[in-house]
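Here's the letter readout for the chains.
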Amino acid sequence: MKRIEASLCLPLIIKNKLIGIIVLGEKISKDAYTKEDFDLLATLSNQASVAIENASLYNNMEEIVDSQTKDIKDKNIRLEKLLKVQSEFLDISSHQLRTPVSVIKGVTTMMLEGDMDNLPKEKKNKFLQAIADKSVKLENIINDILSASEFDSAKFAIKANTPQIPIEKVIEDAVKSSKLEAEQRNIDLIWQKPLKPLPEIRGESRYLEQAVGNLISNALKYTPSTKMVKEARAQREIKGVVKVEVSKDKDGILVKVSDNGIGIPQDEVKKLFAKFARASNATAMYTDGSGLGLFIVKEIIDGHKGKVWVESEIDKGSTFYILLPVAGKVDAIGSIIKEEVKVYNRYYGKK
Ligand code: ADP
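Taking an unreviewed UniProt entry as the reference, the protein is identified by name as histidine kinase. Per its UniProt entry, the protein bears the Catalytic activity (unreviewed entry) comment "ATP + protein L-histidine = ADP + protein N-phospho-L-histidine."

## Observations concerning unusual backbone geometry
Its identity as a non-glycine residue notwithstanding, Asn16 has a phi of 60 degrees, on the positive side. Here Asn16 lies in the loop between β1 (8-14) and β2 (17-24).

## Comments concerning the pairing of strand β8 (residues 241-249)
Looking at chain direction, strand β4 (residues 188-192) and β8 are connected through five bridges and run parallel. Across the sheet, Asp188 pairs through a bridge with Val241, a residue of β8. Bridge count for β8 against strand β9 (residues 252-259) is eight bridges, and the pairing is antiparallel. Counted as the bridge partner of Glu245 is Lys256 from β9. Connecting the antiparallel pair β8 and β9 is a turn made up of two residues.

## Quick notes on the pairing of β1
Residues Leu8, Leu10, Leu12 and Ile14 line the buried face of β1, whereas the alternating positions Cys9, Pro11 and Ile13 sit on a face that is not buried. Of the strand pairs in this sheet, β1 and β2 are connected by seven bridges, and their pairing is antiparallel. Paired with Pro11 across the bridge in β2 is Ile21. Hairpin remark: β1 followed by β2, antiparallel, with two residues in the connecting loop; positive phi at Lys15, about 45 degrees.

## A short note on the sheet that holds strand β10 (residues 307-313)
Taking strand neighbours across the sheet as the criterion, the five strands line up as β4-β8-β9-β11-β10 in an open arrangement whose pairing is mixed. In this open sheet, the two edge strands, each paired with only one partner strand, are β4 and β10. Sheet twist, expressed as the average angle between the axes of neighbouring strands with direction ignored, equals 15 degrees. Pairing of β10 with strand β11 (residues 317-324), which is carried by seven bridges, proceeds in the antiparallel orientation. Considered in β11, the bridge of Glu311 is made with Thr319. With respect to the sheet, helix α6 (residues 293-303) is in contact with β10 and β11, its orientation differing from that of β11 by roughly 25 degrees.

## Looking at the packing of helix α4 (residues 205-221) against α6
Here α4 crosses α6 at 145 degrees, and the two axes come no closer than 9 Å. When you trace α4 past α6, the crossing you get is left-handed. Facing α4, whose interface residues are Tyr207, Leu208, Gln210, Ala211, Asn214, Leu215 and Asn218, α6 presents Gly293, Leu294, Ile296, Val297, Ile300 and Ile301. Within the contact of α4 with α6, the residues separate by chemical class into nine nonpolar, four polar and no charged.

Conventions adopted
Residues numbered from 1 in each chain as written. Predicted model: local features only at pLDDT ≥ 70, side-chain atom pairs only at ≥ 80, totals over all residues. Heavy atoms only, no water. UniProt positions renumbered as here; feature names shortened; annotations may be inferred. Helix = DSSP H or I, 4+ residues; strand = E, 2+ residues; numbered from the N terminus. Pairing = 2+ DSSP bridges. Buried < 20%, exposed > 50% of the residue type's maximum accessible area, 1.4 Å probe, protein only. Axes fitted to C-alpha atoms, helices over the stretch in contact; angles between N-to-C directions. Contact = heavy atoms within 4.5 Å. Left-handed = near helix turned anticlockwise from the far one by under 90°. Nonpolar A, V, L, I, M, F, W, Y, C, P; charged D, E, K, R; others polar.

Put into structure tokens, the structure is as follows:
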């Protein structure tokens, strides 16, 4: 007390805990402190303790309110996003779901009302086939909408511990699943296996198969089974061909899905990876598209830290590319650094 020239110390106590001390020097008058002074100062220190407690409670409250407000704001932003997605889905449902539903409804009503009773069997089968086809389209659209909403609600994300997978097998599986569709559309589906074994990538097989599958399915949808091409003097009929390739590129694993179909108008290419986007020449060829397939592909590939893009020429065909980073590059760099550290420590005699 002498060192700091203090004459009197008043403890500040809250709930039996010392939270501070008021230190007073000697009185200006140089007189000694009296009993009245002590009483007055004791009251003052009590009141100061209460005031400090209130202030700290207030600060805590403010922190709690701030964090709760932030929480509510975050939830609000998320809710707004979900509502936006929901209203977009309602828009799309009214457009895209209406066509197949009206066919199914029309044909079944005709049947129930007996309009088909006297039709020959082949004709009846044709109508039944229309119901079956439209049901498949309905199912596809609903699956697309569900997948897109899954990605929208941020459920899809590649985590740090995502496994390493053989990409060749994933693509081969996607091709296999598309075989029947290719046969039905009478299009040659060619799977060009890589010449050398490919390095593994980090990813979710299920999602990557879905992404490649969407590109193959689009290529099959937007390629006629045959078309006429002009040659020097005559016209020649060529078959619809969809080719799937995968190779190791200097920047990673490059997947290519190419077709000789209708192509995409140059000025519409960029928008196609957005939700519900469809090119003007596609709607005539395939009425029941959801416009969600490429959006889903982009979300999946972005999630894998990859890239997706397209090169296309109208009436000649399109090639969609997916570039995925090779797994282990970072791990390899990590082990090189570890090795360097070991060498350094050995050199400088550290353990
Ligand atoms: P959908 O096929 O259901 O319309 P997608 O999101 O899969 O939706 O594709 C968006 C649009 O991109 C298609 O409507 C079409 O205009 C265009 N497109 C996609 N793939 C091809 C392709 N291989 N050839 C031509 N156009 C394509």
